[in-house]
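Architecture at a glance
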Amino acid sequence: MSAISVAGVSKSFGATSVLREVSLDVVDGTTVSLLGPSGSGKSTLLRIIAGLESPEAGTVTIDGVDVTARPTHERGVGVVFQDQALFPHLDVGGNVAFGLRMRGVARSSRPQRVAEVLSVVGLPGYERRDPATLSGGEAQRVALARALAPWPRVVLLDEPLAALDQLLRERLLLELRSVFDTLGVTVVAVTHDPTEAGALGHRVAVLLDGRLAQVADPGEVLSHPVSAAVAGLVGHRNVTDGVVSDGMVTCPWGRFGAGGSADGPVSVLVRPDGVTSSPDGDLEGVVTGRIFRGGSAFAVVEAAERPALDVRAEPGWHVGDRVRLAVDPGAVHVMAR
Amino acid sequence: MTARVDRRRLVTAAVFAAPVAFLTVFFAIPAGTLISTGLRDGGTWDLGAVVDVLASSSTRRVAWFTLWQAAVSTLATVVVALPAAWVIGRVRIPGRSLFSAVLVVPFVLPTVVVGTAFLAVLDRGGPLGHLRQTATAVVAAHVFFNYAVIARTVGAAWLAVDPATEEAARTLGASRWLAFRTVTLPQLRPALAGAASIVFLFTFTSFGVVKILGGPRIATIEVEIHRVTTELLDLRVAAVLSLLQLAAVVAALVLYRRAGRRRGGGRLWAGSSGLRRPVGAQWVLVAWTIASAGALLGIPIASLVWRSFDNASGPGLAYYRALDTVGRGSVAFVPPTEAIRNSFVFAFAAATAALVVGGLAAIGLHRLGGRARGFADGSLMLPLGTSAVTIGLGFLIALDEHPLDLRTSPILIPAAQAIIAVPFVVRTVLPALDAVPARLRDAAASLGASPWRVWTSIDLRLLRRPAFVAYGFAFAISLGEFGATVFIARADAPTVPVAIFRALGQPGALNVGQAMALSTILLTMTTLVMLVVDRVGDARVGGF
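Quick caveat: nothing in here was measured; it's all calculated off a predicted structure.

A short note on the overall build of chain B
Each helix and strand counted, chain B has 23 helices and four strands in total. Over its C-alpha trace chain B gives a radius of gyration of 25 Å, about what one expects of a compact globule, namely 24 Å for 544 residues. For the C-alpha atoms alone, the extent of chain B along its principal axes is close to 70 × 65 × 50 Å. Sequence-distant contacts, at least 24 apart, represent 81% of the contacts inside chain B between residues at least 6 apart.

Okay, here's the thing in structure tokens:
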């Protein structure tokens, strides 16, 4: 069943429409990543689920109960904020115990729960620390512990790792995943980073201009984005316009099978790993740049009258080299325009 | 949803109830009465008095003196204090922050103490005795009093100027002086203009310093209002003069805000420190600045303390011992020690009232948004633009009739002092409240805190320090308040500043000596209060 169900939610600030009839279901015990560029409305959707904003239309249901009219403090959701928002006047223990205090947990049984969640996030014995003395990673874990302490049914993360450096981010990503799996909580995580969205979410919901563009598992969003915009958001660079007729798509990079798309104008995506150096390839171009990305070298190959192609660089390539490329038809993906 | 919005409005209105009631009785009604006294005659509007007052040569003389002494005082303060701003903002020397902290002392001193301290410097028969009762003495005291406003405000701005901009100018071929003039100075101009406007406002409305140092010949509008009220008993002319004063101040404030809007947001620089060790001739400037600041600020205070001990039979406690008696040749109705007790009682009451009224007003303002907030904020700040003398005069005229006959009420003086302190409380509490990150409230709410518990467990906890600072500042203001209190203090219940003023008005070495002793005590009390405030709260007070 769905632990969180958002139905037909709309919201605007002044004349700007931020969310337009968004509907989203999150299955009990799973994580959905809300992926979108800044200004796509993803944080607003999160705040509406948390009860920090109220929608103009639509409903929010948590565990089968319509909570749309309920104020935040009666929803029982745990929220981890982007900048952590730790209470500066309380120590780490006081921060983590805050939710227990508010929910009327007896003073005597709080320390046990605080110690419990602090060790879940890997910070046992941190109770007496002043939040100001914590590193970014530690502060983020305390924020998570604070949200988890009052046994929330649902946990919401707003760009949980945006403030951290790359290395720490990856480690925390895996930790978050394992904590959520252990506890079996339902999670919605907002992020603008496709890597984060893929690592954290069982499913990824792509939000563009206040509308849900695609909801699917991470691999599907990566390999089969529904539109040029979604493809761009998850990091694809080889996207261009094409036309489908007679089951084939024609684009500046060649003519390929259209995979059952209807006739008419479309967007075409060529995944970089499907483009290889080949002496009898159809595409000829000049290497104009080299980029290291995730431990591999990529090259930009430009040819007259064609959009540049982003491809895996061969070891011997240098800027200025003339190369020939072949496109694997299986790496071509046609999207509606 | 509308139910929630309506309840929010209701709570905001309830929060504003007490401040509005207090400001209506103790500010709006006195101000209104003052206006009708000045502009109405026997139930009809009559501008005759205004015309008479404006046409009189004495008014023109007083207005002209007020204007030019304020201009000269402001210019002199800027020139004298600018090197100190440079030391605070650009020079890496040990004790730099201590230097900056010590500079504030004169600014928090009561005006009566400043006046008395300069009287001590200009001792009759001393090397500077010929400067008694001259405009020079008044300007010097104003520089002493306002030095910190320029030095610290501009110094802080200087600290925030990215030194790389000046270095870039130097690499582009500008000499040190040219780089300062074309790159640094323009970046300092907003702070400089703002600080100079404040100094102008303070010196334009100066009362205590001029009253004590100026003698019978020198008067600002403020002093003239007091003279006309107490010597000529002409409330009508006094009222017209305070309206004239009010108009000038409002005009100045409007100009100041206009200038402020054009100032815009300078980019705040958060890079590594721009403080540099002085090199070569810079050491001379640093040494001169610190030495001259030490002399300017130290000599008056030292002279005051010395004069309080130095009596006919040599250094001793004679003047202090005489404080608990109604001495021969003294016209005090009560021993001066009584005045110390009065000052403390009034200051406790006034600071408490100011914290409650100003605190509630700040909370209300914080809850308001947009245009409503701007309007309410402006109205609450009106007492700040109104001089203490005007408030005192308003109390004198307005609060003597049924049902507001408070002439003999003990709440009169604390109420006037609270009106003066309220804007400072608001200016201390409101920024602190605005600075509470909204995310903290969101986080608390998501953890199950109801709006009331969010307020008590987050906002109130984070407001403790600023509230304490505001209370301490209000207390210090009340201790030293003179302009309003002198109008309404009863002869048998003076405060310390009023007792000092009365003692100075009497002949005889004992009276002068007692004034010096009382001033030294007031100086000590004020400094102690501010020290405690400084230790406990690092919040900025009233925007300075």
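Examining the overall build of chain A
On a plain count of helices and strands, chain A comes out with eight helices and 20 strands. For chain A, the spread of C-alpha atoms along the three principal axes comes to 75 × 45 × 35 Å. Evaluated residue by residue, chain A yields a buried proportion of 41% over its 337 residues. Of the contacts formed within chain A by residues at least 6 apart in sequence, a portion of 64% connects residues at least 24 apart.

A closer look at the nonpolar core
Core analysis: the biggest nonpolar cluster contains 159 residues, and Ala354, Ala421 and Ala474 of chain B have the highest contact counts within it. Counting residues per element, this core draws most heavily on helix α7 (residues 135-159) of chain B, which supplies 16 residues. When sequence neighbours within four positions are dropped, the list of residues in contact with Ala421 of chain B reads Ala350, Ala351, Ala354, Ala474, Ile477 and Ser478 of chain B. Judged by nonpolar contacts, the second largest core, of 101 residues, contains Val26, Leu148, Val179 and Val188 of chain A.

Points about the interface of chain B and chain A
Listed as interface residues are 17 residues of chain B and, on the opposing side, 19 residues of chain A. Those elements that place two or more of their residues in the side of chain B that touches chain A are α19 (438-446) and α20 (451-480) of chain B. In terms of residue class, the side of chain B that touches chain A is made up of 10 nonpolar, three polar and four charged.

Observations concerning the environment of Pro307 of chain A
All names here are of chain A. Mapped onto the elements, Pro307 comes out in strand β18 (residues 306-312). Along the primary structure Pro307 and Gly219 are separated by 88 residues, whereas in three dimensions their C-alpha atoms are 26 Å apart. With residues up to four places along the chain from it excluded, the contact list for Pro307 reads Thr240 and Pro252.

Section: helix α18 (residues 412-434) of chain B
Residues and elements named next belong to chain B. In this model, α18 (23 residues) spans 33 Å end to end at C-alpha, consistent with the 33 Å of a helix rising 1.5 Å per residue. The sharpest bend along α18 comes to roughly 35 degrees, located at Ala421, with the proline Pro423 sitting one to four residues further on. Of all 23 residues in α18, 20 are buried, a share of seventy percent or more.

Things to note about the sheet that holds strand β13 (residues 254-257) of chain A
Residue and element names in this part refer to chain A. Spatially, the five strands line up as an open sheet ordered β13-β12-β11-β14-β20, and their pairing is antiparallel. Since the sheet does not close on itself, it has two edges, and those belong to β13 and β20 (332-336), each with one partner. In this sheet, adjacent strand axes meet at a mean angle of 40 degrees when their direction is disregarded. Alignment of strand β11 (residues 239-245) against strand β14 (residues 264-270), held across six bridges, turns out to be antiparallel. Note that in β14 the partner of Val244 across the bridge is Gly264.

Digging into unusual backbone geometry
Backbone geometry follows two general trends: most residues other than glycine have a negative phi, and most peptide bonds adopt the trans configuration. All names here are of chain A. Even without a glycine there, the phi angle at Glu21 is positive, about 45 degrees. Secondary-structure assignment places Glu21 in strand β2 (residues 16-27). Glu21 gets classed as partly exposed once you count the C-beta atoms within 10 Å, which come to 13.

Some points on the sheet that holds strand β10 (residues 211-216) of chain A
All names here are of chain A. The strand order across the open sheet built from six strands is β6-β7-β8-β3-β9-β10, with neighbouring strands paired in mixed fashion. Edge positions in the sheet fall to β6 (77-80) and β10, since each has one partner strand and no second. Sheet twist, expressed as the average angle between the axes of neighbouring strands with direction ignored, equals 20 degrees. In this structure, strand β3 (residues 31-35) lies alongside strand β8 (residues 186-191), joined through five bridges in parallel fashion. Counted as the bridge partner of Thr31 is Val187 from β8. Along the sheet, helix α4 (residues 136-148) makes contact with β6 and β7 (154-158), crossing β6 at roughly 170 degrees.

A word on the pairing of β11 of chain A
Residue and element names in this part refer to chain A. Across three bridges, β11 lies against strand β12 (residues 248-251) in antiparallel orientation. What sits directly across from Val243, in β12, is Thr250. From the end of β11 to the start of β12, which pair antiparallel, there are two residues, and Asp246 there has a positive phi angle of about 55 degrees.

Rules behind the numbers
Along each chain, the written sequence defines residue order, and numbers are assigned to residues from 1. Starting at A for chains and at 1 for ligands, labels are handed out in the order in which the entities are written. Only residues with pLDDT of at least 70 get local features here, since the model is predicted, and only at 80 or more are side-chain atom pairs given and counted; chain-wide, interface and lining totals rely on the full set of residues. Strands are runs of DSSP state E lasting at least 2 residues, helices are runs of H or I lasting at least 4, and numbering of each runs from the N terminus. Radius of gyration here uses only the C-alpha atoms, and the compact-globule reference equals 2.2 Å multiplied by the residue count raised to the power 0.38. The contact criterion used here is simple: two residues whose C-beta atoms, placed from the backbone, lie within 7 Å are in contact. Exposure classification rests on a simple neighbour count of other C-beta atoms within 10 Å of a residue's own: a residue reaching 20 or more is buried, one at 12 or fewer is exposed, and one in between is partly exposed. C-beta atoms are placed from the backbone. For this entry, the nonpolar core is defined as buried Ala, Val, Leu, Ile, Met, Phe, Trp, Tyr and Cys residues connected by C-beta atoms within 7 Å. Each residue is assigned to one class: nonpolar for Ala, Val, Leu, Ile, Met, Phe, Trp, Tyr, Cys and Pro, charged for Asp, Glu, Lys and Arg, and polar for all the others, Gly among them. In this scheme, a helix's expected span is set at 1.5 Å multiplied by one less than its residue total. Axes are fitted to the seven residues ending at a residue and to the seven starting at it; the angle between these axes is taken as the bend at that residue. Note: two strands are recorded as paired if DSSP finds a minimum of 2 bridges between them. Think of each axis as a best-fit line through the C-alpha atoms, taken over the contacting stretch in the case of a helix, with angles from 0 to 180 degrees between the N-to-C directions.

As far as function goes, none of this settles anything; it's purely spatial.
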